[in-house]
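# Descriptive analysis of the structure
So you can see what is in the structure, the chains are spelled out below.
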Amino acid sequence: MKPLNSRSARAIVVAVAAGSLALTGCSKDSGKDAKDQSKNQNDAAAQSKPVAYGTAAQSNGPAAEVPGAKPGGTISVYTQSDLTHMDPGQIYVSDAGQFANLLHRKLTNYQEDDKGNLTVVGDIATDAGKASDGGKTWTYTLKDGIKDEDGNAITSADVRHTIERQYSKVIFDGPSFVQTWLSGTDYRKALPDGPYKGKHLPDTVLATPDAKTVVFHFDTARPDLPQALAMAGYGIVPQKDDTKEKYDKAPKSLGPYKVAEYKAGKSLKLVKNTNWDPKTDAVRHQYVDGYAFTTTIDQPSQTKRLVSDQGEAKNAIQFTDSVDPAQMQSVITNAAVNKRTIKGYQPYVWQLSFNLDRIKDKKIRDAITYAIPNQRMIQADGGKYGGELAGGLFAPTLPGFDPAYDPFGKMKKPNGDPAKAKKLLEEAGFKKGTKLTYAYSNTPRGQKQMVIIKDALNAIGFDIQAKEIERASFYEQIGKVKNPYDLYMTGWGQDWSSPSTVVTPVYDGKLISDGASNYSHINDEKVNTLIQEALVLQPEAAAKKWEEAHHRIIEEINPAAPVYYSKQIQLFGSNIGGARYSTNSSYIDINRLYLIQP
């Protein structure tokens, strides 16, 4: 889905990365607490249902009212750092994806019911899309009344501009599904300057026959296009407002809220976008007057404030961070506080990614994988409320998940097998004291993970050099092909309910480039072939290909060691109404919040 950057995820998310506390005190999750309310793989399976494509009627606004909702007031938002991006074209990390729900609109969007079932509906389009020519051609008609925050009407030219700017070097951090489907893996060559020098994709690829119509032409059937277009990364950027690189700090809104003030590294204020028309939107609401982000509050402080539920905190939410692991039991065992949480099984798999350009010996990679104390990593991230031990790189939220798959024997030895690791190192001719550079995000989770990884690998003979990276730029830095790091923890989840959105962006060797999500730089001919074969098959037939690719990736190459499947638990203040877990975002459902007492 995206890398995980917050929780905090890439993205993943991504969706990816969350103190240097003594590890023995990070989690008191002894199993002796109140009734176990942590999510399990049955809950995850419920989130892996196929997504339905909605009709024109389902795409009409306004969105169904949230029972008891009231207008007015400002919601306070607690987060640890700046958003990774605000330009929709750059958004592929979970924190920015959550933000996009408030500002950006796309051709399609996800509508979610009370049971977490998802339906793709038209967002600025009248429906989820009309397929023809065996699924090779998709046609979208724009709704009437879609405007940007300045009142300018959105036309098909703005949609074309949005897609074509993704081809330029201005955009380096967003999704690439639609571009590669239209123009191949070397899509940038098809329009190297994007639309900025007056050139466009030919009408045989992307056509805008009139102001209301957009037509995508592919060389093979693309049944997942409505889901791809629902990603935040394909949010509309009005042609006349595009300031290229500067757009990331001052985007124009089509959604219910717009940026009123942004202080880098400190705060962000959103207010109502008066040019958003609820009659055109089947998903979002505009109950509150705005959102006040404070981007300097660490995870422990967020938790303390929300547990205390005093003053401003009553009107506050955690954005993409989760409950501080060290305070988990005080939250879970206090009924009054626990009822102010949302819980869910996330689609992310935390993995220790190897830079294959630097760690070339598979025995070394396997040794490191065996040495990782997976269970300690989970305990440091909230215990059973933060995650579950991973055997593979496919999350339990994916269709066809195999709970018995565990090639590195982590179920039997959840805290690692140092003896096996040392034996593999000996076979590899390993020299004790070999230095490895481990890059980590400067979040509480990232710092805890660093301590555990460093201790475990130093214990088998490595000399781990830890390099801290600012959270907001973590994925940008490790996403550089020539990055100077040997190891880094990443989190990835499906973009929609298909293994294609895990294997393709992360393990396709044809997608190695700066800003791409192939963080390990794996480039295996057989895996690449299996990906291409699976992509043109219907889901049931493709499933076997994806499973074969998954097994080869882990067992025969090992570009990333599976560590744990991620869960979510977030706090909100007592004056927040409409709070629920979102299957779509994997966080609090920000599309339906209101203040009980405005």
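Before any of the text, the structure's been laid out above.
All values derive from a computational prediction rather than experimental measurement. (Residues numbered from 1 in each chain as written. Predicted model: local features only at pLDDT ≥ 70, side-chain atom pairs only at ≥ 80, totals over all residues. Heavy atoms only, no water.)

Within this structure, the stated rule accounts for 18 aromatic pairs. An angle of 55 degrees between the planes, with centres 6.1 Å apart, marks the rings of Phe 177 and Trp 181 as tilted. Taken together, the residues span about one helical turn, with Phe 177 and Trp 181 both in helix H5 (residues 177-183) at a distance of 4 residues. Here Phe 177 and Trp 181 have matching classes, each one buried. Between Tyr 475 and Tyr 519, the aromatic rings sit 5.5 Å apart at their centres with planes inclined by 55 degrees, giving tilted as the arrangement. Within this pair, whereas Tyr 475 is found in helix H14 (residues 474-478), its partner Tyr 519 is found in the loop between helix H15 (500-507) and helix H16 (525-535), the two being separated by 44 residues in sequence. Tyr 475 sits in the buried class, given a relative accessible area of 3%. The structure contains a cluster of three or more aromatic residues connected by ring pairs, namely Tyr 140, Phe 177, Trp 181, Phe 216, Phe 218 and Trp 496. Directly above the ring of Tyr 247 sits Arg 165, whose terminal nitrogen or CZ lies 5.5 Å from the centroid. (Phe/Tyr/Trp six-rings, centres within 6.5 Å; stacked < 30°, edge-to-face > 60°. Helix = DSSP H or I, 4+ residues; strand = E, 2+ residues; numbered from the N terminus. Buried < 20%, exposed > 50% of the residue type's maximum accessible area, 1.4 Å probe, protein only. Lys NZ or Arg CZ within 6 Å of the ring centre and 35° of its normal.)

In this section: the pairing of strand S7 (residues 206-210). Sheet topology note: the S7/strand S8 (residues 213-217) ladder contains 3 bridges and is antiparallel. If you follow Leu 206 over to S8, its bridge partner there is Phe 216. Linking S7 to S8, which pair antiparallel, is a turn of 2 residues. (Pairing = 2+ DSSP bridges.)

Quick look at the nonpolar core now. Phe 216 and Leu 352 are the most contacted members of the largest nonpolar core, which has 100 residues in total. Looking at which element gives the most residues to this core, the answer is helix H17 (residues 539-557), with 6 residues. Setting aside anything within four residues of it in sequence, one finds Phe 216 in contact with Leu 107, Lys 136, Thr 137, Trp 138, Tyr 140, Ile 163, Val 178, Leu 182, Val 205, Leu 206, Leu 225 and Leu 229. Judged by nonpolar contacts, the second largest core, of 24 residues, contains Ile 75, Leu 102, Val 259 and Leu 270. (Core = buried A, V, L, I, M, F, W, Y, C linked by side-chain atoms within 4.5 Å. Contact = heavy atoms within 4.5 Å.)

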